[in-house]
Amino acid sequence: MALAAAYNGFTPVRRRGSSYNTMGTSKYQIANTYGDSIFRGDLVKVSAGYIQPVSVTADRPIGVFQGCEYVDPNSKQPTWSNYFPSGTSSGDSTVVAHVMDDPEAIYQVQCNATVTIGDVQTQNFFVEISAGNTYSGQSAMSVQVTSKTSLSNPVRIVGLWEVPGNEWGDANPRVLARLSNHLDYSVSIDN
């Protein structure tokens, strides 16, 4: 039985190999009043020193957005949010993004079509970029199956998420994936 298409972005689940996994995040900045929303589970990149969602195949991701903090300009209170609402202005002009940026992290993510066991560790994929949920702050990114290539797209499937009703060959399977062209693996900085 195939899983329903319920895309929720990238969820960190473990680390490659057997090393200790803290699921820790690093702090980065989002440009004050940045014009796009960023949702929990979105694949993000660094652009001119600031965090932004990936937008094209050539983008080298730094990790997965986990939320942000800023000073509410009206109440002057520190605010935590699962997502960055487009155009948000922090009272202190500093918006801090929390990003799961471990290049060895493994994520659970749903595919937007069928993949097979033959795709494991052999093909790279891009993400299907869709608007997230402003109520929950959750991403709606998924693995874009039609982008399958041996070239440097950012996502590589490393296994199947082992839950009942989730099988290779099903429509919309949930898979385990890593970032195959993580910014830290790049020899040159090109974004």
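Figured I'd write up the structure that's included with this text. (Residues numbered from 1 in each chain as written. Predicted model: local features only at pLDDT ≥ 70, side-chain atom pairs only at ≥ 80, totals over all residues. Heavy atoms only, no water.)

### Examining the sheet that holds strand β14 (residues 174-179)
The line we're drawing: Note on pairing: two strands pair once DSSP finds at least 2 bridges between them. Only DSSP runs of H or I with at least four residues qualify as helices, and only runs of E with at least two residues qualify as strands; both kinds are numbered from the N terminus onward. For helices, the fitted line uses only the C-alpha atoms of the stretch in contact; every axis is such a line through C-alpha atoms, and the angle between N-to-C directions lies from 0 to 180 degrees.
The strand order across the open sheet built from six strands is β1-β10-β14-β13-β11-β12, with neighbouring strands paired in antiparallel fashion. Pairing within the sheet leaves two strands with one partner each, and these edge strands are β1 (11-15) and β12 (142-149). For this sheet, the mean inter-axis angle between neighbouring strands, taken without regard to orientation, is 50°. By the bridge criterion, four bridges tie strand β11 (residues 124-128) to β12 in an arrangement that is antiparallel. Paired with F126 across the two strands is Q144, which belongs to β12.

### With respect to the side chain of Q110
Put simply, the rule is: In protein, a polar contact means a hydrogen-donor-capable atom and an acceptor-capable atom, both N or O and within 3.5 Å, with residues adjacent in sequence counting only if both atoms are side-chain atoms; elsewhere, any N or O pair within 3.5 Å suffices.
Relative to the helices and strands, Q110 is located in strand β10 (residues 105-110). For Q110, the side chain forms a polar contact with the main-chain oxygen of N172, separated by 2.9 Å.

### A look at the pattern of salt bridges
Quick reminder of the rule: Whenever Lys or Arg places a side-chain nitrogen within 4 Å of a carboxyl oxygen from Asp or Glu, that contact is recorded as a salt bridge. To sort residues, take the accessible area from a 1.4 Å probe on protein chains only and compare it with the maximum for the residue type: under 20% means buried, over 50% means exposed, and anything in between is partly exposed.
As enumerated under the stated definition, the model contains three salt bridges in all. K45 is paired through a salt bridge with D59; the nearest N and O atoms lie 3.3 Å apart. Here the residue K45 occupies a position in strand β4 (residues 43-47), and D59 occupies one in the loop between β5 (50-53) and β6 (63-71), the gap between them amounting to 14 residues. On the basis of relative accessibility, which here comes to 6%, the residue D59 falls in the buried class.

### So, the pairing of strand β13 (residues 155-160)
A regular strand carries its side chains on alternate faces of the sheet. Burial analysis of β13 places six of its six residues in the buried class, which makes it a mostly covered element. Pairing geometry for β11 and β13, over two bridges, is antiparallel. Considered in β13, the bridge of F125 is made with V155. Pairing of β13 with β14 involves five bridges; the strand directions are antiparallel. Following the sheet pairing, L160 is matched in β14 by V175.

### Description of the packing of aromatic side chains
Each aromatic ring pair is specified by the distance between its two centres and by the angle formed by the two planes. To keep it simple, the criterion reads: Two rings from Phe, Tyr or Trp (for Trp, the six-membered ring) form a pair when their centres sit within 6.5 Å of each other. Planes less than 30 degrees apart are called stacked, planes more than 60 degrees apart edge-to-face, and all others tilted.
Evaluated as defined, the whole model comprises three aromatic pairs. For the ring pair F10 and Y107, a centre distance of 6.1 Å and an interplane angle of 85° mean the geometry is edge-to-face. Separated by 97 residues along the polypeptide, F10 in the segment before β1 and Y107 in strand β10 bring together distant segments of the chain. In this pair, the class of F10 matches that of Y107, namely buried. For the pair F39 and Y83, a centre-to-centre distance of 5.0 Å together with 5° between the ring planes defines the contact as stacked. Of the two residues, F39 sits in strand β3 (residues 38-39) while Y83 sits in strand β8 (residues 83-84), which places them 44 residues apart along the sequence. For the pair F39 and Y83, a shared accessibility class is recorded, and that class is buried.

### A short note on the nonpolar core
Nonpolar side chains in soluble globular proteins tend to be buried together. The test is simple: In this text, buried Ala, Val, Leu, Ile, Met, Phe, Trp, Tyr and Cys residues form a nonpolar core when linked through side-chain atoms within 4.5 Å. Note on contacts: a residue pair qualifies if any of its non-hydrogen atoms lie within 4.5 Å across the two residues.
With 22 residues, the main nonpolar core has F10, L43, V127 and V155 as its most contacted residues. Looking at this core, the elements that each hand over two or more residues are β10, β11, β12, β13 and β14. With residues near it in sequence (within four places) discarded, L43 still touches F10, Q52, P53, V54, P61, G63, V64, V127, M141, P154, V155 and L179. Formed by 15 residues, the second largest nonpolar core is a distinct cluster that contains I62, Y70, F84 and L183.

### So, unusual backbone geometry
In this structure, K76 is a non-glycine residue whose phi angle is positive, near 65°. A relative accessible area of 55% means that K76 is categorised as exposed. Non-glycine residue N172 carries a positive phi angle of around 60°. Tracing the chain through its elements places N172 in the loop between β13 and β14.

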